[in-house]
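In case you want the letters, here they are:
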Amino acid sequence: MNTTELKDPSIRRSLALFRAFLREQDDPDTCYALLARDAADQVERYGGPLAGRTVADVGGGSGHFTAEFRRRGAHAHLFEPDVRELGAAPPRGTVIADGYLLPLSDGVTDVTFSSNVLEHVADPQTFLSELVRVTRPGGLIYVSFTNWLSPWGGHEWAPWHYLGAERARARYRRRTGRDAKHTLGENLFPVHVGTTLRQVRARDDVRVVAARSRYWPFLAQAVVKAPGLREIATWNLLLILRRCPS
């Protein structure tokens with residue numbers, strides 16, 4: 001299904017993404033290709049056509065986002081710190097690099113893109129500062145993350161993270177016979193919607209273009225404005241930031 005046919009937000013779009021997610025383990029390529037098309041649609045909605053733009057895909061894993069950006073004519077480059085996430089055929093020119101210290105000069109990208117990475121870094125603010133640094137004045141920064149109190153906050157051991165991380169991990173081990181991929185405090189961290197919004201809005205080097213739920217089927221921006229409720233209902237926070245002139 002082509003996501004350009006799906007209104008954002010809409011129940012139909014959310015169901016399509018959810019169904020793809022349910023097949024993620026069995027058919028990851030289809031799942032992430034759909035997600036990449038959806039994300040690219042969002043980038044173009046807020047920042048215009050990707051053709052001819054320079055895009056940094058930070059923490060993009062196996063490269064589905066980079067491939068989609070290139071398909072739309074962008075000069076896209078993948079920066080991924082974990083070689084285990086790259087898969088068998090990463091995009092040409094992939095760079096093994098930490099998002100805290102990208103091997104890029106200041107202000108060289110038109111779009112800096114990070115999908116579902118922020119909850120996996122110990123210092124989100126330093127990570128965000130690096131995304132801003134490499135983006136040109138007037139350029140776009142796309143950041144989405146799964147907030148800790150969302151139903152998927154514990155990732156593969158959700159929603160049992162509401163009862164405590166160790167209890168949730170132990171349940172996952174009993175149920176599957178293997179250790180969970182994520183460990184709280186090592187490669188998964190409790191990031192919150194309200195805290196992140198306050199920190200981003202306090203910066204003088206970016207302007208918040210949009211703060212919304214990435215997947216919610218209706219009132220995607222309104223739900224983010226409701227303290228308390230937003231920590232659960234947002235599910236995944238999408239921030240669209242514009243780099244301010246120097």
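A brief structural summary.

So, how was this worked out
- Residues numbered from 1 in each chain as written.
- Predicted model: local features only at pLDDT ≥ 70, side-chain atom pairs only at ≥ 80, totals over all residues.
- Heavy atoms only, no water.
- Helix = DSSP H or I, 4+ residues; strand = E, 2+ residues; numbered from the N terminus.
- Contact = heavy atoms within 4.5 Å.
- Expected span 1.5 Å × (residues − 1).
- Buried < 20%, exposed > 50% of the residue type's maximum accessible area, 1.4 Å probe, protein only.
- Arc of directions from axis to C-beta.
- Salt bridge = Lys/Arg side-chain N within 4 Å of Asp/Glu carboxyl O.
- Core = buried A, V, L, I, M, F, W, Y, C linked by side-chain atoms within 4.5 Å.

We now examine the environment of V209. Relative to the assigned elements, V209 resides in strand 6 (residues 206–213). The spacing of V209 and I240 is 31 residues in sequence and 5.3 Å in space, taken between C-alpha atoms. Sequence-distant contacts of V209, defined by excluding residues within four places in its chain, comprise Y46, I240, L241 and R242.

Between the first and last C-alpha of helix 5 (residues 165–176) there are 16 Å, a value that for 12 residues agrees with the 16 Å anticipated at 1.5 Å per step. Of all the positions in helix 5, only A165, A168, R169 and Y172 are classed as buried. What you see down the axis of helix 5 is that its buried residues fit within an arc of 100 degrees, all on one side. Every exposed residue of helix 5 that faces more than 90 degrees away from the buried side is listed here: E166, R167 and R174. Where helix 5 ends, the next residue or the one after it, G177, has phi of about 80 degrees, a positive value.

The next point concerns the pattern of salt bridges. Per the stated rule, a full pass over the model turns up 15 salt bridges. The salt bridge partner of D41 is R72, with a shortest N-O separation of 2.9 Å. Highlighted residues: D41 in helix 2 (residues 28–47) and R72 in the loop between helix 3 (64–71) and strand 2 (75–80), separated in sequence by 31 residues. Assigned by exposure class, D41 and R72 land together as buried. A salt bridge links D179 to R173; its shortest N-O distance comes to 2.7 Å. Connected through shared salt-bridge partners, D8, R13, D38, R45 and R212 make up one network.

All right, on to the nonpolar core then. Formed by 28 residues in total, the largest nonpolar core has its most connected members in L118 and L239. Of all the elements in the fold, those that place two or more residues in this core are strand 1 (54–58), helix 4 (124–134), strand 5 (135–146), helix 6 (193–201), strand 6 and strand 7 (236–243). The greatest single-element share of this core, amounting to five residues, is contributed by helix 4. Aside from chain neighbours lying at most four places away, what touches L118 is P124, F127, L128, V143, F145, V191 and T196. Judged by nonpolar contacts, the second largest core, of 24 residues, contains A39, F65, L140 and Y142.

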